[in-house]
Each structure stands twice: as C-alpha cells, then as structure tokens.
Amino acid sequence: MEKEQFFKHKFLPVTTIVLAIILLWYVFAVILNAPFQRDLDRRGNVTPTTVEFIGKTLAQPKPTLPAPHQVAQNVFENTFLRVPTSNRSLVYNAWITLAPTAVGFAFGTILGVLFAVGIVHLVALDRSLMPWIIASQTIPILAIAPTIIVVFSALGIDGLIPKALISTYLSFFPVTVGMTKGLRSPEIMHLDLMRTYNASSWQTFWKLRVPASVPFLFTSMKVAIAASLVGTIVGELPTGAVAGIGAKLLAGSYYSQTIDIWAALVAGSVLAAVLVGIVSIAARIVDRSMGGRTA
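From a predicted model like this one, the values you see are computed outputs, not experimental measurements.

1. Describing a positive patch on the surface
Then comes step 1: Positive charge collects at one region of the surface, where Lys10, Lys222, Arg284 and Arg288 lie side by side.
Then comes step 2: Looking at the secondary structure, you find Lys222 in helix H9 (residues 201-236).
Then comes step 3: Among the residues examined, Lys222 registers a relative accessible area of 31% and is labelled partly exposed.

This is the structure:
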C-alpha cells in the first residue's frame, strides 16, 4: 500500500514533469540550433532530410542550446572519466566551490541567529536593524561581489575569504528572517504558562522559544545553503578563478563552449541538492533527538 501511494503521489508526478521538461528541452534545442545549421548546410550546398537536419541540430559542437544527451555525456565524462584532481574534472571544481560555500554558510547561519536573538529581545534592534537587513538584500550581488573582491585584493587578501564573505552576505538573510519568526512562534498561552511557572526570560528563551524555532531554523538553512552556493559561484567570476564552478562557467563563456556551461550548471545544481539534503538529514536527526515523531 505504501509503495502504491509512493508511486502514485510522488514517483509518477515527478517522473512525468521531468520527461516533459526533457521533451521541451529537445524541441527548443532543435528550434534554436536550426538557423546556424541551415547556414552550414547552405554553405556546404547540402540538402538534408528532415530527420538528418534534426539530428545535426542536436549534434553541433558549439550549439546555441545543447541537447540533454550532450550535457549528460559531458557531465559523465568530466565526472567519472577524469582524475578527480584534474582541472577539467567537475568533482574537483565542485570541491573548490564547496570550501567557501561551507565557510560562508557557517558564518551566515551564526550571524543570522545572533541577529534574530537581538531583534526578538531588543525592540530598538527590531525597529532599526531589521529594515536595514531587508534593504541590504535589494542590492544586486553582481554589484557587490566585484567591490568586495577589489577591496580585499587591495588589502592583499585573496582566495577563500572574499568568496566566503559574499556567500555570507547571501546566506545570513534567510536565517535571520526564519529564526526571528521561529523565536516569535510560541503562542501567548505558552508564554503565559512560563510566567505562571515563574520562569525567567533566560529559561523561557531556552525551554520554549529555542525549541519552537528549530523547524523554522532548518527550513531557512535549506534556503541559506543554496544561496551560499550561488554567492560563491558569483564570487568566483570577477576573481578570474582557474578552478571552481564559477571558473568553468567563465571559461565556457570565453570560448563559446555552451555544453561545458550547461554541464557546470548541472554540477552546481547537483551540489546544491546534496547540500540541501545534508541539511535535511541534520534537521531529522535534531528533531528525533528532541523527541519529534515522523508523520
């Protein structure tokens, strides 16, 4: 019964959507690559059949839009058929991107939790700090990243720290908002009950507010870890990095290697999914340790 429910409500809908996306991807690949292929056939004085023409549009070395099988082949070759220490290996580049992502996410989470605690307990911070935190996210990261890189480079600081700082900038906001909502989530009735027990503010915070905020915290951390990865990739672009997912994207754009660009995007997506999955596992472990039960 459980397997039938899983197949009907999860596996079948997801599989249908994935197949529909792949089908549309192939259709748009043919449409977008067709003009260049017509030009090639005209110059070569070739008149292919419709099937041959479609096959050529899906096999171009530098297509406008790579076909799914081209991207899959590139990912497979650069993941499993290359030495992990090679600069062309997606595993190596993902590992280079992972380090500042993890550091930025850690600092962003700590900073977001500290901000949330201050906002909840101090009215002055709630009225003054929160508007500035919200306003900070209206500034495009593409405008901030080069500035941070240039300033730190002038100070002689390169490598992991500037990219981790950009990652922190993107990751602290969702944690701040989520943790603030979580700390304020206890109902008035529960707060009154703590006062009835003559609990101090510190006891109310640790025994009521913090446990209530844990689900909100881990939900916001899932968003933060993905944002942290985006911040690291963006931070790699203005540095002229020779390794990392951002470097792969930059190199692909320089040499019009669209297949490499899409393969790097797939690698980044897989890395983001893995990181979000790790946070989800941590959330389940914490929930069980706190006495939570699975639905």
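Anyway, onward from the coordinates.
2. A word on unusual backbone geometry
Then comes step 1: Notably, Asn45 is not glycine yet its phi reads approximately 55 degrees, a positive angle.
Then comes step 2: Positionally, Asn45 belongs in the loop between helix H1 (2-43) and helix H2 (50-57).
Then comes step 3: Backbone geometry places Ser256, a non-glycine residue, at a positive phi of 55 degrees.
Then comes step 4: Relative to the helices and strands, Ser256 resides in the loop between helix H10 (245-254) and helix H11 (258-289).

3. Let's talk about the packing of aromatic side chains
Then comes step 1: Summed over all chains, the structure comprises 6 aromatic pairs.
Then comes step 2: Here Phe115 and Phe172 contribute two aromatic rings whose centre-to-centre distance is 5.9 Å and whose plane-to-plane angle is 70 degrees, an arrangement assigned as edge-to-face. Of this pair, Phe115 sits in helix H4 (residues 90-121) while Phe172 sits in helix H7 (residues 160-183), and the two are 57 residues apart along the sequence.
Then comes step 3: Overall, the relative accessible area of 24% leaves Phe115 in the partly exposed class.

4. What to know about the pattern of salt bridges
Then comes step 1: If you walk through the whole model with that rule in mind, you get 3 salt bridges.
Then comes step 2: Of the charged contacts in the structure, one is a salt bridge between Asp39 and Arg43, with a shortest N-O distance of 3.2 Å. Taken together, the residues Asp39 and Arg43, both in helix H1 and 4 residues apart, mark about one turn of the helix.
Then comes step 3: Given the relative accessible area of 23%, Asp39 is considered partly exposed.
Then comes step 4: For Lys56, the salt bridge goes to Asp41, with nearest N and O atoms at 3.5 Å. On the criterion of sequence distance, the pair formed by Lys56 in helix H2 and Asp41 in helix H1 is long-range, its members being 15 residues apart.
Then comes step 5: Overall, the relative accessible area of 8% leaves Asp41 in the buried class.

5. Section: the environment of Ile96
Then comes step 1: Within the secondary structure layout, Ile96 lies in helix H4.
Then comes step 2: Here Ile96 is in contact with Glu236, Ala243 and Gly244, once residues within four sequence places are set aside.

6. A look at the nonpolar core
Then comes step 1: Counting 25 residues, the largest nonpolar core has Phe105, Leu183, Phe218, Met221, Ile245, Leu271 and Val279 as its most contacted members.
Then comes step 2: With 10 residues, H9 is the largest single contributor of residues to this core.
Then comes step 3: Not counting chain neighbours up to four residues away, the residues in contact with Ile245 comprise Asn93, Ala94, Thr97, Ile233, Glu236, Ala264, Ala267, Gly268 and Leu271.

7. A word on helix H5 (residues 123-136)
Then comes step 1: With 14 residues, H5 extends 20 Å between its outermost C-alpha atoms, agreeing within 8% with the 20 Å of an ideal straight helix rising 1.5 Å per residue.
Then comes step 2: If you look at H5, its biggest bend is around 30 degrees, right at Leu129, and the proline Pro131 turns up within four residues after that.
Then comes step 3: Restricting attention to buried positions, one finds in H5 the residues Met130, Ile133 and Ser136.
Then comes step 4: Tucked into the core, H5 has its buried residues touching H4 and H7.

8. Side note on the packing of H4 against H7
Then comes step 1: At a minimum axis distance of 5 Å, the contact between H4 and H7 shows a crossing angle of 35 degrees. H4 and H7 meet at a crossing whose hand is right-handed.
Then comes step 2: For the contact of H4 with H7, the per-class residue count stands at 18 nonpolar, 10 polar and 1 charged.

9. A look at the UniProt feature "transmembrane region" (unreviewed entry) in the protein chain
Then comes step 1: Summarizing the sequence annotation, UniProt attributes the feature "transmembrane region" (unreviewed entry) to residues 12-32, 94-120, 132-154, 223-249 and 261-283 in the numbering used throughout.
Then comes step 2: The distance from the first to the last C-alpha atom of residues 12-32 is 30 Å, and the span holds 100% helix and 0% strand.

Definitions and limits used
Residues numbered from 1 in each chain as written. Predicted model: local features only at pLDDT ≥ 70, side-chain atom pairs only at ≥ 80, totals over all residues. Heavy atoms only, no water. Patch = residues over 30% accessible without salt bridge, like charges linked within 9 Å, V, L, I, M, F, W, Y side chains within 5 Å. Areas by Shrake-Rupley, 256 points an atom, 1.4 Å probe, with all protein chains shown as cover. Salt bridge = Lys/Arg side-chain N within 4 Å of Asp/Glu carboxyl O. Lys, Arg positive; Asp, Glu negative; His and termini not counted. Charge placed at Lys NZ, Arg CZ, Asp CG, Glu CD. Helix = DSSP H or I, 4+ residues; strand = E, 2+ residues; numbered from the N terminus. Buried < 20%, exposed > 50% of the residue type's maximum accessible area, 1.4 Å probe, protein only. Phe/Tyr/Trp six-rings, centres within 6.5 Å; stacked < 30°, edge-to-face > 60°. Contact = heavy atoms within 4.5 Å. Core = buried A, V, L, I, M, F, W, Y, C linked by side-chain atoms within 4.5 Å. Expected span 1.5 Å × (residues − 1). Bend = angle between axes of the 7 residues up to and from the residue. Axes fitted to C-alpha atoms, helices over the stretch in contact; angles between N-to-C directions. Left-handed = near helix turned anticlockwise from the far one by under 90°. Nonpolar A, V, L, I, M, F, W, Y, C, P; charged D, E, K, R; others polar. UniProt positions renumbered as here; feature names shortened; annotations may be inferred.

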